[in-house]
Amino acid sequence: VQLQASGGGLVQAGDSLRLSCAVSGRTIRSFTVGWFRQAPGKERIFVAAIRGSSSSTYYEDSVKGRFTISRDNAENTVYLQMNSLKTEDTAIYYCAGGSRLIMSTMGNENAYDYWGRGTQVTVSS
């Protein structure tokens, strides 16, 4: 299973970006895909996740109302639409996949089995 994140870039505060996570080797309908981010000098933290079986979504509190996770089953791709970006959203964003996650573990990076390389998002003021 491979995950490829893309779509990062340099934007100004208030702008939008859409990140993509292309998955190969497994259908996204069979497992959960999550997004995490790591800011400079900080630990990697959970951002959002979408379950394969139910399409239920989960968000970290600071991105609720601004970020939307979705998926395209035909493209086997998960998206993270990021609106009203803030400077504190600057980070490397990673997508990850797992098949053993339950609601209480969605935010736990150790619960994910597969990781893609990150994509840099930089938000300037």
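Up top is the structure these notes are about.
Residues numbered from 1 in each chain as written. Predicted model: local features only at pLDDT ≥ 70, side-chain atom pairs only at ≥ 80, totals over all residues. Heavy atoms only, no water.

## Overview of the pattern of salt bridges
Consideration 1: Enumeration according to the criterion identifies five salt bridges in this entry.
Consideration 2: Of the charged contacts, one joins Arg44 and Glu109 as a salt bridge, the two residues approaching to 3.2 Å between their closest N and O atoms. Of this pair, Arg44 sits in strand β5 (residues 44-50) while Glu109 sits in the loop between β9 (91-98) and β10 (114-115); the two residues are 65 residues apart in sequence, bridging distant segments of the chain.
Consideration 3: A residue is classified by how much of its surface remains accessible, and Arg44, at 25% relative accessible area, is partly exposed.
Consideration 4: Across the salt bridge formed by Arg100 and Asp113, the nearest N and O atoms sit 2.5 Å from each other. Placement of Arg100 in the loop between β9 and β10 and of Asp113 in the loop between β9 and β10 is noted, with a sequence separation of 13 residues between them. (Salt bridge = Lys/Arg side-chain N within 4 Å of Asp/Glu carboxyl O. Helix = DSSP H or I, 4+ residues; strand = E, 2+ residues; numbered from the N terminus. Buried < 20%, exposed > 50% of the residue type's maximum accessible area, 1.4 Å probe, protein only.)

## So, the sheet that holds strand β1 (residues 2-6)
Consideration 1: Spatially, β1-β3-β8-β7 is the arrangement adopted by the four strands of the open sheet, whose pairing is antiparallel. Of all the strands in the sheet, just β1 and β7 (67-72) have a single pairing partner and so form its edges. Each strand axis lies, on average, 15° off the axis of its neighbour in the sheet, ignoring direction.
Consideration 2: Judged from the five bridges that link them, β1 and strand β3 (residues 17-24) form a sheet pairing that is antiparallel. If you follow Gln4 over to β3, its bridge partner there is Ala22. (Pairing = 2+ DSSP bridges. Axes fitted to C-alpha atoms, helices over the stretch in contact; angles between N-to-C directions.)

## Observations concerning the side chain of Arg37
Consideration 1: With respect to the helices and strands, the residue Arg37 is situated in strand β4 (residues 32-38).
Consideration 2: A residue is classified by how much of its surface remains accessible, and Arg37, at 7% relative accessible area, is buried.
Consideration 3: There is a polar contact of 2.8 Å between the side chain of Arg37 and the side chain of Tyr93.
Consideration 4: The contact partners of Arg37, leaving out residues within four places of it in the chain, are Glu43, Arg44, Ile45, Val47, Ser62, Val63, Phe67, Glu88, Asp89, Ala91, Ile92 and Tyr93. (Polar contact = N/O pair within 3.5 Å; in protein donor to acceptor, adjacent residues only side chain to side chain. Contact = heavy atoms within 4.5 Å.)

## Section: the packing of aromatic side chains
Consideration 1: Taken as a whole, this structure holds five aromatic pairs when the rule is applied.
Consideration 2: When the ring of Phe31 is compared with that of Tyr114, the centres are 6.2 Å apart and the planes differ by 50°; the resulting orientation is tilted. Remark: Tyr114 occurs in strand β10 and Phe31 occurs in the loop between β3 and β4; sequence separation between them is 83 residues.
Consideration 3: Residue Phe31 is classed as buried on the basis of its relative accessible area of 2%.
Consideration 4: Note on Phe36 and Phe46: the rings are 5.6 Å apart at their centroids and 75° apart in plane angle, and the pair reads as edge-to-face. Pair noted here: Phe36 is in strand β4 and Phe46 is in strand β5, with a separation of 10 residues, a long-range link. In terms of burial, Phe36 and Phe46 fall into one category: buried.
Consideration 5: These aromatic residues form a ring-pair network of at least three members: Phe36, Phe46, Tyr112 and Trp115.
Consideration 6: If you follow Arg44 out to its NZ or CZ, it ends over the ring of Tyr94, 4.9 Å from the centre.
Consideration 7: The lysine or arginine in question, Arg44, covers the ring of Trp115, its NZ or CZ lying 4.0 Å from the ring centre. (Phe/Tyr/Trp six-rings, centres within 6.5 Å; stacked < 30°, edge-to-face > 60°. Lys NZ or Arg CZ within 6 Å of the ring centre and 35° of its normal.)

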